[in-house]
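If you want the building blocks of each chain, they are given just below.
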Amino acid sequence: MPPGAGPIEEAEAQRENYEEALVARALQQLGRVVEPAPEGKVLEEVLVTTEDVVAESDPYPNLLNIFHIRTREEVVRREVLLQPGEPYSDALAQETARNLRALPLFSVVRLIPVKGRAPGTVALLVVTKDLWSLRLNSSFSAVGSLLQYLQLQGTEQNFLGRGKKLAVDFTLRLDTLSFGQSYTDPRVLGSRWSLSESAAIIIGRESGKPEGSRGSVAVSRPLYSLSTPWSTSASVAWNVETNRVYRGADIWQLPFPGGSPVPYVYRTEEVAGGVSYTRSFGYRYKWNLGGTLGAYHYAYDPPSSSMLSEEQQAWFRREYLPRAEDAGYASLSLRAFEARYEVLRDVDSYALSEDFQMGHSVSVTLRYAPPVFDSTSHFAEAGVAGRYRLRLGEALTTMSAATAIRRQLGEGAGWTNRRWATELVQVSPKVLGGRFVARGVLDVNIDDLFDRVTLLGGGNGLRGAAADAYSGKRLLLVNVEYRSKPLVVRTVHVGGVLFFDSGSAFDDQPDMVHSVGVGLRVLFPQFNVVPFRFDFGYVLNDTRPPVGSRFSLAGGQITDLRPGFLDSPL
């Protein structure tokens, strides 16, 4: 939209493209015009404009702006990788935009080259719109009337407009409540160092007494740009709690052979820490070589109050409990990727820019744990993860795979922890203004020392089924959705979804369960960068739960739920 456009044209642009309307207003306010050929010209200055969280076009009272301190200009400027007096680089401008979008401060970030005041120069216009910072963040999962998980986080994620995050946390699970706090400073004293810490106390809902705690502390100097030569970090984390594994609303009763069922309840003690250093090479084709020294203590036992017999406890440990392990280790890692990025909209979020790394991304990790504690902690393991992403027009294809294996050394030598997983995600070009999105994932565990179990059903991938209705150590899941073009009502984006899910959590052979359904997606760009989803599913070929239990409500898209193993196999 050209400068000088009237309110009707501006409103139309707002409806058609949320970000372009913000850019047009910024150009008009500053009296600037876009520079069509900025590359290599001298950068005269950097201009920063920030839109109020609640603008005139937003369906909320402007009074809300009183309670939000906009991000200070120096917070934006310190992320800009271009300096006045140097030649303009579109690559550095786009990298700056990605870095700013990665901060949890902004709903919109756009960098526009504009004509400079002096002939032959260019200026860089940085357009941002803050996310509402004083907020009650939430993460939840509900199937019908069963609230499986709810996290509420009272947060000031942009304290005094300086980009620091202060938070108090409340987490509700079927069996516990937890209360905690956290602090994150991505730029300690304006430096490139970051600090984060968190701590929480866990209380049993039935007993009303403390059951444990969890927390972490981390200090790091990250790779903040593609040209940063090195990074380092140090961290420690702990988690002490009682775990109860549910099937729906009830604790899973494990079928002990020849006796009473065993409740799937166990005590967890986990402590881990490490230091790492990474050296980065290349620019277009990146090679990041790193090393880590670390140690951990993992212990899992039936609770002392379980009243299980010795035979039941031995069976429980052997068949279902994660493996107890103490180890110190050294690891080497290599990540290689192509630093090529594309910006798309209407993939996972409505209207807002989304960054996608294109081409290849491969990571390899080798780890050795000497028998520091005992012979069972003597092992070597390897993990490999790879991804390739291709864009053809408005279509986006992402292929991912990962594998890992461990070799126990010394006593009980042998191959264990064999696991592999693969995922294919296809995003179609625009069809009637919307997109088809299809995803297939296969996750296979073999000889898993940690006895990890996957639960499937409800809002975690097989919508319409009862919550956690299916279980197994392997997973096969297919999701196909048509996500409509959103209807924009005063910047609130509302869209519809038609979906087909097919999945199985299994040990030997998959037995696929199919469901179909409809859903809504709602995005409030002043408050979130991903939509809320509300789905209703209908199982086609298996037991159907009551109608009320076929609804699921959560944040983000269903394709956000994927095995973390695909990114970090070790």
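Everything numeric in this text was worked out from a predicted model, so none of it was measured.

Side note on the side chain of Asp-175
Its place among the elements puts Asp-175 in the loop between β6 (164-173) and β7 (176-185). Among the polar contacts made by the side chain of Asp-175, one reaches the side chain of Arg-244 at a distance of 2.9 Å. Not counting residues up to four positions away in its chain, the partners in contact with Asp-175 are Ile-203, Gly-204, Arg-205, Thr-242, Arg-244 and Tyr-246.

Quick word on the packing of aromatic side chains
Inspection of every chain in the model, using the stated rule, returns 15 aromatic pairs. Look at Phe-256 and Trp-315: their rings are 5.3 Å apart centre to centre, the planes differ by 75 degrees, and that puts the pair in the edge-to-face class. Highlighted residues: Phe-256 in the loop between β13 (253-254) and β14 (262-263) and Trp-315 in helix α5 (residues 310-319), separated in sequence by 59 residues. On the accessibility criterion, Phe-256 (11% relative accessible area) is buried. Judged by relative accessible area, which is 9%, Trp-315 ranks as buried. Relative to Tyr-320, the ring of Tyr-264 has its centre 5.7 Å away and its plane inclined at 70 degrees; by these criteria the two rings are edge-to-face. Here the residue Tyr-264 occupies a position in the loop between β14 and β15 (265-281), and Tyr-320 occupies one in the loop between α5 and β17 (325-338), the gap between them amounting to 56 residues. Of the two residues, Tyr-264 and Tyr-320, both sit in the buried class.

Brief notes about unusual backbone geometry
Not every positive phi belongs to a glycine, and Leu-189 is a case in point at roughly 55 degrees. With respect to the helices and strands, Leu-189 occurs in the loop between β7 and β8 (194-204). In the Ramachandran plot, Asp-447 falls in the positive-phi region, its phi being about 55 degrees despite a non-glycine side chain. Take Asp-447: it is sitting in the loop between β24 (435-446) and β25 (454-456). By relative accessible area, which is 41% here, Asp-447 ends up partly exposed.

Parameters at a glance
Along every chain, residues carry numbers that run from 1 in the direction the sequence is written. Residues qualify for local features only when their pLDDT is at least 70, as the model is predicted, and side-chain atom pairs are given and counted only at 80 or more; totals for whole chains, interfaces and linings, by contrast, use all residues. Excluded from the side-chain calculation are hydrogens and water; included are all heavy atoms of the structure. Starting at the N terminus, helices and strands are each numbered in turn, a helix being any DSSP run of H or I of at least four residues and a strand any DSSP run of E of at least two. Nitrogen and oxygen atoms within 3.5 Å of one another constitute a polar contact, given that in protein one can donate a hydrogen and the other can accept it, and given that sequence-neighbouring residues count only through two side-chain atoms. Throughout, a residue-residue contact means that at least one pair of heavy atoms, one from each residue, lies within 4.5 Å. Side-chain rings of Phe, Tyr and Trp, where Trp is taken by its six-membered ring, are said to pair if the distance between their centres is within 6.5 Å; with planes under 30 degrees apart they count as stacked, over 60 as edge-to-face, and otherwise as tilted. Think of it in three bands: with a 1.4 Å probe and only protein chains considered, a residue is buried below 20% of the maximum accessible area for its type, exposed above 50%, and partly exposed in between.

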